[in-house]
Amino acid sequence: MSPDDLQPALDTARRAVAAAGRIQLAGLESERRVMHKSRFDLLTEVDQRCEEAVLGILREAYPQAVFLAEESSPGTDRDQGEVWLVDPLDGTTNYARGYPAWCTTVALRRDGETLLGVVYDALRDERFEAVRGRGASLNGKPIRVSRTAELGRSLLATGFPYDRCEQPETNLERFSALTMRTQGVRRGGSASLDLCYTACGRLDGYWELRIFPWDVVAGALLVEEAGGKVSDLAGGPFDGSGAQTLATNGLIHTALVDALAGSA
Ligand code: IPD
Ligand code: CA
Ligand code: CA
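What follows concerns the coordination of the calcium ion (ligand 2). D87 (OD), D90 (OD) and D215 (OD) make up the full set of protein donors to the calcium ion (ligand 2), lying at 2.0 to 2.3 Å. When the donors of the calcium ion (ligand 2) are listed by position in the chain, the intervening gaps give D-x2-D-x124-D. A distance of 3.6 Å spans the gap from the calcium ion (ligand 2) to the calcium ion (ligand 3), which D87 bridges by coordinating each metal. Here D90, found in strand 4 (residues 82–90), pairs with D215, found in helix 6 (residues 213–225); they are 125 residues apart in sequence, far enough to count as distant. Pair check on accessibility: D90 and D215 agree, each one buried.

Here's what the structure looks like:
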């Protein structure tokens, strides 16, 4: 499928994330009812309503669409055929508390390759998008990764897995070590926004463990199309699973791989 053939899909994804954004903004005006999927993994009715809205718009345009969507179809194979990946509200904990860092993320993959990604931050009215081979943009303007070449001068972001109290691998040692070796490590609470900010140069790099495909595949394409590099934590191939994600401006990638390896 050529990039031009993807235009209808991109237009549909834009409509879908905009619809979710309207629901999210309206939801800020009322009490958010919070449920726990696990100790740290929250769910609100806004998550559910946003997913219904996004899938409804995608399904209306593509009745045969297959979804890998966080709240309704989390087990779909992301690598077989054409799959729409949807996180209707990335940053639920932030949203539930009124902390301003959340978004909607939609991606389209075909046979394991991400073709397009759209991430919408309704609070700031910022829409990040990328089509493979056609670059990345923020509200229609091209974006590029930063030019920071030294790890010691870099600003990074990461997150901590929901099962951090049940698993020995918490990411805390890496967070601590990189905090001492860089300008800082932010924990924003939305993996998709962390990747978007890496793509547009607000961050120089991001890494995270044990999240999910819907958290990372759109943002990873944005970083790649903005001139950055995405891999696993050892610098190997990025598989889109969310198990290990390392995204940088490319210039600090090797230094960050080495620093992460040395601080695990
Ligand atoms: C979460 C956010 C957070 C990350 C979590 C994700 P959710 O997504 O992206 O930054 O650290 O692991 O699950 O649950 O708010 O959609
Ligand atoms: Ca998420
Ligand atoms: Ca979510």
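Neighbouring ligand 1 are 15 residues; D90, G91, T92, Y162 and E208 lie closest to it. For ligand 1, an oxygen atom lies 3.2 Å from a polar atom in the backbone of L89. One of the backbone nitrogen or oxygen atoms of G189 is found 3.1 Å away from an oxygen atom of ligand 1. Its free accessible area being 370 Å², ligand 1 has 98% of it covered by the protein chains. When each cavity is represented as a set of grid points, ligand 1 is found to reside in the largest pocket. Examining the composition of the shell around ligand 1, we find that 3 residues originate from one element, strand 4, more than from any other. For the shell around ligand 1, a count of residues per class yields 4 nonpolar, 4 polar and 7 charged.

Think of a ball as big as a water molecule: rolled over the atoms, this probe shows where empty space is left. As a volume, the largest pocket reaches approximately 630 Å³. Residue lining of the largest pocket: 32 residues in total, with T93, F160, Y162, R187 and G189 positioned closest to the centre. For the lining of the largest pocket, the secondary-structure elements that each account for two or more residues are strand 4, helix 3 (92–97) and helix 6. Looking at side-chain class alone, the lining of the largest pocket contains 11 nonpolar, 7 polar and 14 charged residues.

Next up on the list: the environment of D11. Within the element layout of this structure, D11 appears in helix 1 (residues 7–27). A C-alpha to C-alpha distance of 21 Å links D11 and A199, two positions 188 residues apart in sequence.

Spatial strand order, 3-4-5-6-7-8-9: 7 strands in an open sheet with mixed pairing. The open sheet is flanked by strand 3 (67–69) and strand 9 (141–142), the only strands paired with a single partner. Lying over the sheet, helix 5 (residues 191–199) contacts strand 4, strand 5 (103–110), strand 6 (113–121) and strand 7 (126–131), oriented at roughly 100 degrees with respect to strand 6.

What follows is about the sheet that holds strand 14 (residues 244–248). Across the sheet, which stays open at both edges, the 5 strands sit in the order 11-10-12-14-13 with mixed pairing between neighbours. Only two strands of the sheet have a single neighbouring strand rather than two, namely strand 11 (184–186) and strand 13 (229–231). Pairwise comparison of adjacent strand axes, ignoring direction, gives a mean angle of 20 degrees for this sheet. Pairing analysis gives 3 bridges linking strand 10 (residues 155–158) to strand 11, with the strands arranged parallel. When the bridges of strand 11 are listed, A157 appears paired with R186. Against the sheet, helix 4 (residues 172–181) touches strand 10, strand 11 and strand 12 (205–209), its axis set at about 165 degrees to strand 12.

Considering all chains together, one arrives at 15 salt bridges under this definition. We note a salt bridge from D11 to R14, for which the minimum N-O separation is 3.2 Å. Within this pair, D11 and its partner R14 are both found in helix 1, separated by 3 residues, close to a single helical turn. Using a relative accessible area of 32% as the deciding quantity, one classes D11 as partly exposed. The class for R14 is partly exposed, based on a relative accessible area of 25%. D163 is the partner of R210 in a salt bridge, and the nearest nitrogen-oxygen pair spans 2.7 Å. Note that R210 is positioned in the loop between strand 12 and helix 6 and D163 in the loop between strand 10 and helix 4, a separation of 47 residues in sequence. Residues participating in the shared-partner salt-bridge network are D11, R14, R127 and E129.

Conventions and cut-offs
- Residues numbered from 1 in each chain as written.
- Chains lettered and ligands numbered in written order.
- Predicted model: local features only at pLDDT ≥ 70, side-chain atom pairs only at ≥ 80, totals over all residues.
- Heavy atoms only, no water.
- Donors = N, O, S within 2.8 Å, 3.2 Å for Na, K, Ca; no water.
- Helix = DSSP H or I, 4+ residues; strand = E, 2+ residues; numbered from the N terminus.
- Buried < 20%, exposed > 50% of the residue type's maximum accessible area, 1.4 Å probe, protein only.
- Near = heavy atom within 4 Å.
- Polar contact = N/O pair within 3.5 Å; in protein donor to acceptor, adjacent residues only side chain to side chain.
- Areas by Shrake-Rupley, 256 points an atom, 1.4 Å probe, with all protein chains shown as cover.
- 1 Å grid on protein atoms, 1.4 Å probe; cavity = no way out; pocket = protein on both sides within 12 Å on 5 of 7 lines; lining within 4 Å.
- Sits in = over half its atoms within 2 Å of the grid points.
- Nonpolar A, V, L, I, M, F, W, Y, C, P; charged D, E, K, R; others polar.
- Points joined across faces, edges and corners; volume = space filled by probe spheres on them.
- Pairing = 2+ DSSP bridges.
- Contact = heavy atoms within 4.5 Å.
- Axes fitted to C-alpha atoms, helices over the stretch in contact; angles between N-to-C directions.
- Salt bridge = Lys/Arg side-chain N within 4 Å of Asp/Glu carboxyl O.

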